[in-house]
Amino acid sequence: MPETIPLVSGLVELLLSFVLGILVAFGAFRLFARLTKDMDEVDEIRKNNVAVAVVLVSMVVSTGLVARAAIYPVIGALQTVLLEEPGLRAVAAVAARGLVYVLLSFAGAVGAIATGTTIFLRLTRDVDELAELRRNNVAVAIVLAGFILVMGLFLARGVESLLTALMPDPAFGRIEVHGLGR
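Residues numbered from 1 in each chain as written. Predicted model: local features only at pLDDT ≥ 70, side-chain atom pairs only at ≥ 80, totals over all residues. Heavy atoms only, no water.

**Describing the overall build of the protein**
Move 1: Helix and strand counts for the protein stand at six helices and zero strands.
Move 2: Listed by position from the N terminus, the elements making up the protein come as α-α-α-α-α-α.
Move 3: In the protein, buried positions account for 38% of the 182 residues.
Move 4: Considering only contacts in the protein between residues 6 or more positions apart, those separated by 24 or more positions represent 83%.
Move 5: When the accessible surface of the protein is split by element, carbon and sulfur atoms take 65% of a total near 10900 Å². (Helix = DSSP H or I, 4+ residues; strand = E, 2+ residues; numbered from the N terminus. Buried < 20%, exposed > 50% of the residue type's maximum accessible area, 1.4 Å probe, protein only. Contact = heavy atoms within 4.5 Å. Areas by Shrake-Rupley, 256 points an atom, 1.4 Å probe, with all protein chains shown as cover.)

Here it is, written out as C-alpha coordinates:
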(Lines give C-alpha, C1' and ligand atoms only; values in the text may rest on other atoms or scores of the structure.)
Protein backbone atom coordinates (compact mmCIF):
# COMPACT_ATOMS: atom_id res chain seq x y z
CA MET A 1 0.00 0.00 0.00
CA PRO A 2 2.72 2.62 0.77
CA GLU A 3 3.93 2.56 -2.85
CA THR A 4 0.43 3.51 -4.07
CA ILE A 5 0.02 6.42 -1.63
CA PRO A 6 1.53 9.04 -3.96
CA LEU A 7 -0.70 7.87 -6.81
CA VAL A 8 -3.88 7.85 -4.71
CA SER A 9 -2.96 11.18 -3.14
CA GLY A 10 -2.24 12.68 -6.55
CA LEU A 11 -5.53 11.45 -7.96
CA VAL A 12 -7.48 12.83 -5.00
CA GLU A 13 -5.70 16.17 -5.26
CA LEU A 14 -6.37 16.28 -9.01
CA LEU A 15 -10.06 15.52 -8.50
CA LEU A 16 -10.39 18.11 -5.73
CA SER A 17 -8.56 20.68 -7.84
CA PHE A 18 -10.82 20.01 -10.82
CA VAL A 19 -14.04 20.30 -8.82
CA LEU A 20 -12.83 23.36 -6.93
CA GLY A 21 -11.65 25.02 -10.13
CA ILE A 22 -15.16 24.81 -11.54
CA LEU A 23 -16.75 25.95 -8.28
CA VAL A 24 -14.30 28.85 -7.93
CA ALA A 25 -14.91 30.16 -11.43
CA PHE A 26 -18.68 29.86 -11.16
CA GLY A 27 -18.82 31.06 -7.55
CA ALA A 28 -16.69 34.10 -8.29
CA PHE A 29 -18.89 35.03 -11.23
CA ARG A 30 -22.01 34.69 -9.07
CA LEU A 31 -20.37 36.76 -6.34
CA PHE A 32 -19.68 39.58 -8.74
CA ALA A 33 -23.23 39.34 -10.11
CA ARG A 34 -24.56 39.62 -6.57
CA LEU A 35 -22.48 42.71 -5.83
CA THR A 36 -23.65 44.36 -9.04
CA LYS A 37 -27.37 43.58 -9.14
CA ASP A 38 -28.12 46.35 -11.62
CA MET A 39 -25.32 45.36 -14.02
CA ASP A 40 -25.42 42.57 -16.60
CA GLU A 41 -21.83 41.31 -16.47
CA VAL A 42 -22.14 39.10 -19.53
CA ASP A 43 -23.50 41.99 -21.56
CA GLU A 44 -20.72 44.29 -20.27
CA ILE A 45 -18.07 41.76 -21.27
CA ARG A 46 -19.69 41.39 -24.70
CA LYS A 47 -19.35 45.18 -25.03
CA ASN A 48 -15.62 44.78 -24.35
CA ASN A 49 -15.87 46.42 -20.93
CA VAL A 50 -12.32 45.80 -19.72
CA ALA A 51 -13.04 47.30 -16.29
CA VAL A 52 -15.74 44.72 -15.56
CA ALA A 53 -13.48 41.94 -16.85
CA VAL A 54 -10.59 43.04 -14.59
CA VAL A 55 -12.79 42.95 -11.48
CA LEU A 56 -14.32 39.63 -12.50
CA VAL A 57 -10.84 38.12 -12.95
CA SER A 58 -9.80 39.41 -9.53
CA MET A 59 -12.81 37.64 -7.99
CA VAL A 60 -11.86 34.39 -9.71
CA VAL A 61 -8.18 34.63 -8.71
CA SER A 62 -8.96 35.68 -5.14
CA THR A 63 -11.40 32.84 -4.51
CA GLY A 64 -8.96 30.50 -6.27
CA LEU A 65 -6.22 31.44 -3.82
CA VAL A 66 -8.50 30.61 -0.90
CA ALA A 67 -9.71 27.34 -2.40
CA ARG A 68 -6.13 26.30 -3.18
CA ALA A 69 -5.07 26.97 0.40
CA ALA A 70 -7.97 24.85 1.65
CA ILE A 71 -6.85 21.78 -0.28
CA TYR A 72 -3.41 21.36 1.34
CA PRO A 73 -4.47 20.44 4.91
CA VAL A 74 -6.99 17.97 3.50
CA ILE A 75 -4.40 16.31 1.27
CA GLY A 76 -1.96 16.15 4.19
CA ALA A 77 -4.54 14.45 6.41
CA LEU A 78 -5.40 11.98 3.64
CA GLN A 79 -1.74 11.13 3.09
CA THR A 80 -1.30 10.53 6.81
CA VAL A 81 -4.35 8.27 7.00
CA LEU A 82 -3.16 6.35 3.95
CA LEU A 83 0.24 5.82 5.58
CA GLU A 84 -1.40 4.26 8.60
CA GLU A 85 -3.24 1.80 6.29
CA PRO A 86 -6.47 1.90 8.31
CA GLY A 87 -8.70 0.80 5.47
CA LEU A 88 -11.10 2.35 3.02
CA ARG A 89 -13.61 3.39 5.68
CA ALA A 90 -11.13 5.63 7.53
CA VAL A 91 -9.84 7.13 4.27
CA ALA A 92 -13.40 7.81 3.10
CA ALA A 93 -14.25 9.43 6.45
CA VAL A 94 -11.26 11.78 6.28
CA ALA A 95 -11.97 12.55 2.61
CA ALA A 96 -15.63 13.34 3.34
CA ARG A 97 -14.73 15.50 6.31
CA GLY A 98 -12.09 17.28 4.24
CA LEU A 99 -14.50 17.90 1.37
CA VAL A 100 -17.06 19.41 3.74
CA TYR A 101 -14.37 21.66 5.26
CA VAL A 102 -13.11 22.74 1.84
CA LEU A 103 -16.62 23.58 0.63
CA LEU A 104 -17.40 25.46 3.85
CA SER A 105 -14.10 27.32 3.55
CA PHE A 106 -14.90 28.28 -0.02
CA ALA A 107 -18.39 29.49 0.93
CA GLY A 108 -16.95 31.44 3.87
CA ALA A 109 -14.27 32.98 1.70
CA VAL A 110 -16.78 34.02 -0.97
CA GLY A 111 -18.94 35.55 1.75
CA ALA A 112 -15.95 37.33 3.30
CA ILE A 113 -14.78 38.69 -0.05
CA ALA A 114 -18.31 39.89 -0.82
CA THR A 115 -18.64 41.51 2.61
CA GLY A 116 -15.18 43.08 2.43
CA THR A 117 -15.85 44.44 -1.04
CA THR A 118 -19.20 45.86 0.05
CA ILE A 119 -17.51 47.57 3.01
CA PHE A 120 -14.78 48.92 0.73
CA LEU A 121 -17.42 50.30 -1.68
CA ARG A 122 -19.17 52.06 1.22
CA LEU A 123 -15.94 53.45 2.68
CA THR A 124 -14.99 55.06 -0.62
CA ARG A 125 -17.97 57.41 -0.75
CA ASP A 126 -16.33 59.87 -3.09
CA VAL A 127 -16.17 57.27 -5.90
CA ASP A 128 -19.11 55.23 -7.18
CA GLU A 129 -17.05 52.23 -8.26
CA LEU A 130 -19.92 50.35 -9.86
CA ALA A 131 -20.94 53.34 -11.98
CA GLU A 132 -17.29 53.77 -12.97
CA LEU A 133 -17.08 50.10 -13.95
CA ARG A 134 -20.11 50.53 -16.19
CA ARG A 135 -18.27 53.44 -17.82
CA ASN A 136 -15.30 51.11 -18.40
CA ASN A 137 -13.04 53.04 -15.99
CA VAL A 138 -10.04 50.69 -15.90
CA ALA A 139 -8.21 52.71 -13.22
CA VAL A 140 -11.08 52.19 -10.76
CA ALA A 141 -11.25 48.54 -11.76
CA ILE A 142 -7.56 48.05 -11.01
CA VAL A 143 -7.91 49.60 -7.54
CA LEU A 144 -10.97 47.50 -6.75
CA ALA A 145 -9.30 44.37 -8.15
CA GLY A 146 -6.24 45.05 -5.98
CA PHE A 147 -8.43 45.23 -2.89
CA ILE A 148 -10.18 41.98 -3.82
CA LEU A 149 -6.84 40.22 -4.40
CA VAL A 150 -5.50 41.39 -1.03
CA MET A 151 -8.64 39.98 0.60
CA GLY A 152 -7.98 36.65 -1.10
CA LEU A 153 -4.34 36.59 -0.02
CA PHE A 154 -5.18 37.20 3.63
CA LEU A 155 -8.15 34.84 3.66
CA ALA A 156 -6.12 32.05 2.05
CA ARG A 157 -3.66 31.93 4.94
CA GLY A 158 -6.45 32.05 7.51
CA VAL A 159 -8.37 29.25 5.83
CA GLU A 160 -5.24 27.09 5.61
CA SER A 161 -4.52 27.61 9.33
CA LEU A 162 -8.12 26.87 10.30
CA LEU A 163 -8.30 23.68 8.25
CA THR A 164 -4.94 22.51 9.55
CA ALA A 165 -6.39 22.83 13.05
CA LEU A 166 -9.65 21.08 12.12
CA MET A 167 -8.32 18.14 10.13
CA PRO A 168 -7.65 15.11 12.29
CA ASP A 169 -4.08 14.46 13.26
CA PRO A 170 -3.15 10.81 13.51
CA ALA A 171 -2.37 9.21 16.81
CA PHE A 172 1.11 7.84 16.29
CA GLY A 173 2.39 5.14 18.55
CA ARG A 174 5.56 5.38 20.55
CA ILE A 175 8.64 6.10 18.47
CA GLU A 176 11.79 4.24 19.42
CA VAL A 177 15.21 4.95 18.04
CA HIS A 178 17.56 1.97 18.00
CA GLY A 179 21.27 1.95 17.56
CA LEU A 180 22.10 5.04 19.57
CA GLY A 181 24.64 3.96 22.18
CA ARG A 182 24.76 5.66 25.52
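That covers the picture; the talk isn't over yet.
**Description of the environment of F147**
Move 1: With respect to the helices and strands, the residue F147 is situated in helix 6 (residues 138–166).
Move 2: Under the relative-accessibility criterion, F147 is labelled partly exposed at 21%.
Move 3: The spatial distance from the C-alpha of F147 to the C-alpha of G116 is 8.9 Å, given a sequence separation of 31 residues.
Move 4: Ignoring anything within four residues of it in the chain, the contact list for F147 reads G116, T117 and F120.

**Some details on the packing of aromatic side chains**
Move 1: The final tally for this structure, using the stated rule, is one aromatic pair.
Move 2: Here F120 and F147 contribute two aromatic rings whose centre-to-centre distance is 4.5 Å and whose plane-to-plane angle is 20°, an arrangement assigned as stacked. Of this pair, F120 sits in helix 4 (residues 88–123) while F147 is found in helix 6, placing the two residues 27 residues apart along the sequence.
Move 3: Owing to a relative accessible area of 17%, F120 belongs among the buried residues under this scheme. (Phe/Tyr/Trp six-rings, centres within 6.5 Å; stacked < 30°, edge-to-face > 60°.)

**Focus on unusual backbone geometry**
Move 1: One non-glycine residue, N48, lies in positive phi territory at about 65°.
Move 2: Checked against the element boundaries, N48 lands in the loop between helix 2 (41–46) and helix 3 (50–84).
Move 3: Residue N136 is not a glycine yet carries a positive backbone phi of 65°.
Move 4: In this structure, N136 sits in the loop between helix 5 (129–134) and helix 6.

**Looking at the nonpolar core**
Move 1: Core analysis: the largest hydrophobic core is formed by 44 residues, its most contacted members being L31, F32, V55, M59, L133 and L144.
Move 2: The set of elements that each furnish at least two residues to this core consists of helix 1 (5–35), helix 3, helix 4, helix 5 and helix 6.
Move 3: In terms of residue count, the dominant contributor to this core is helix 3 (16 residues). (Core = buried A, V, L, I, M, F, W, Y, C linked by side-chain atoms within 4.5 Å.)

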